[in-house]
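For reference, the chains in residue letters:
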Amino acid sequence: MTAIDKLLHRHATGVDHGAPEVPTPVPSLHLAVVTCMDARIKVFDVFGLGHGEAHIMRNAGGVVTDDVIRSLAISQRKLETREVIVMQHTSCGLSLITEDEFKDELERETKLRPTWAIEAFRVVEDSVRQSVERVRRSPFVPHRGDVRGFVYDVRTAELTEVE
Ligand SMILES: [Zn+2]
């Protein structure tokens, strides 16, 4: 049985009853959270978030890429969000690889070098600053006054703001 089969079984046994209590796609806190796909991060628990309160955008690293800007542009312009949290974390996989090594590995195995950046980093705070800055400088994201960056410690659950 694959993981997907397992999940289809869980769905069939009825944990999801829809969201009648959330009548609109507009997040009630008017907030978007960008964070890493890391399976250790319980993003709803980290902020005590409830269903329907925020947009959650996850990718490798919690990095603000062009595609995250795409989502933030839609989130703010069409779905009324106004604030952005960028949260990266300790012991992220992107701090364990380097841009060139990973691109070399992909090229060696596939004969194709990706055009996209890996977004690897050494110092997580620097990566958070870079991502926050990308939002603050994006002309596509109209509300840039409340964009704040954080590092989450996956062992202690400590949350530290990056200035
Ligand atoms: Zn990560």
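Computed from a prediction, not measured in an experiment: that's the story for all the values here.

S.K.: Explain the coordination of the zinc ion residue by residue, including any values.
M.R.: When a metal carries six donors in an octahedron, the ideal angles between them are 90 or 180 degrees, while four donors in a tetrahedron ideally lie at 109.5 degrees. Taken together, the protein ligands of the zinc ion are Cys36 (SG), His89 (NE2) and Cys92 (SG), with distances of 2.0 to 2.3 Å. Sequence spacing among the residues donating to the zinc ion works out to C-x52-H-x2-C. Remark: Cys92 occurs in the loop between strand S3 (83-89) and helix H4 (99-110) and Cys36 occurs in strand S1 (residues 31-36); sequence separation between them is 56 residues. Cys92 sits in the buried class, given a relative accessible area of 3%.

S.K.: Can you break down the environment of Glu133 residue by residue, with the values?
M.R.: Along the chain, Glu133 falls in helix H5 (residues 124-136). According to the relative accessible area criterion, Glu133 is partly exposed, its value standing at 29%. Sequence spacing of Glu133 and Leu31 is 102 residues, and the spatial spacing of their C-alpha atoms is 17 Å.

S.K.: Pulling in residues and values, what's your account of the sheet that holds strand S4 (residues 147-152)?
M.R.: Read from one edge to the other, the open sheet built from 5 strands follows the order S2-S1-S3-S4-S5, with strand pairing classed as mixed. What marks the edges here is a single partner per strand, and that holds for strand S2 (54-59) and strand S5 (159-162). Strand-to-strand, the axes of this sheet are offset by a mean angle of 25°, without reference to chain direction. The sheet contact formed by S1 and S2 spans 6 bridges and is parallel. Residue pairing in the sheet places Val33 in a bridge with Ile56 of S2. Against the sheet, helix H3 (residues 66-79) engages S1, S2 and S3, with an angle of about 170° to S2. On top of the sheet, H5 reaches S3, S4 and S5; it is set at about 160° to S4, its chief contact.

S.K.: Can you break down the environment of Ile69 residue by residue, with the values?
M.R.: By secondary structure assignment, the location of Ile69 is in helix H3. Other than its neighbours up to four places away in sequence, Ile69 contacts Val64, Arg134, Val135, Ser138, Phe140 and Val141.

S.K.: Hey, could you go over the pattern of salt bridges for me, with residue numbers and the actual values?
M.R.: Pairing is possible between side chains of opposite charge, provided their charged atoms come close. All told, the structure shown has 8 salt bridges when counted by the stated rule. In this structure, Asp126 engages Arg129 in a salt bridge whose closest nitrogen and oxygen atoms are separated by 3.0 Å. Here Asp126 and its partner Arg129 are both found in helix H5, 3 residues apart, which amounts to about one turn of the helix. Here the salt bridges do not stand alone but share partners, grouping Asp104, Glu107 and Arg113 into one network.

S.K.: An account of the UniProt feature "binding site: Zn(2+)" (unreviewed entry) in the protein is needed here, citing residue identities and associated values.
M.R.: Mapped onto the present numbering, the UniProt feature "binding site: Zn(2+)" (unreviewed entry) falls on Cys36, Asp38, His89 and Cys92. Across 57 residues, the annotated set stays spatially compact, with a maximum C-alpha separation of 8.8 Å. With respect to the helices, strands and loops of the structure, Asp38 is situated in the loop between S1 and helix H2 (43-46). With near-sequence residues (within four places) excluded, Cys92 lies in contact with Cys36, Gly61 and Phe121.

S.K.: Let's hear about the pairing of S4: which residues, and what values?
M.R.: The buried fraction of S4 is high, at 5 of 6 residues. Bridging between S3 and S4 involves 6 bridges; their strand directions are parallel. Note that in S4 the partner of Met87 across the bridge is Phe150. Taken together, the 4 bridges between S4 and S5 define a ladder with antiparallel strand orientation. Residue Val151 lies in a different strand from S5, and its bridge partner there is Thr160. What sits between the antiparallel neighbours S4 and S5 is a turn of 6 residues, in which Ala157 has the positive phi angle 70°.

Rules and cut-offs
- Along each chain, numbering runs from 1 in the same order as the chain's sequence is written.
- Restriction of local features to residues with pLDDT of at least 70 applies here, the model being predicted, together with a cutoff of 80 or more for giving and counting side-chain atom pairs; totals for whole chains, interfaces and linings are based on all residues.
- Processing note: side-chain calculations cover all non-hydrogen atoms of the structure and skip hydrogens and water entirely.
- Water is absent from the atoms considered, so a metal site may look incomplete; donors are defined as N, O and S atoms within 2.8 Å of the metal, or 3.2 Å for Na, K and Ca.
- Only DSSP runs of H or I reaching four residues or more are called helices, and only runs of E reaching two or more are called strands; each is numbered from the N terminus.
- Throughout this description, buried means an accessible area under 20% of the type-specific maximum (1.4 Å probe, protein chains only), exposed means over 50%, and partly exposed covers the range between.
- Paired strands are those between which DSSP finds at least two bridges.
- Between N-to-C directions, angles cover 0 to 180 degrees, with each direction set by a line fitted to C-alpha atoms, over the stretch in contact for helices.
- We call two residues in contact when some of their heavy atoms are within 4.5 Å.
- Should a side-chain nitrogen of Lys or Arg be within 4 Å of a carboxyl oxygen of Asp or Glu, the pair is scored as a salt bridge.
- UniProt positions are given in the numbering used here, feature names are shortened, and annotations may be inferred rather than shown by experiment.

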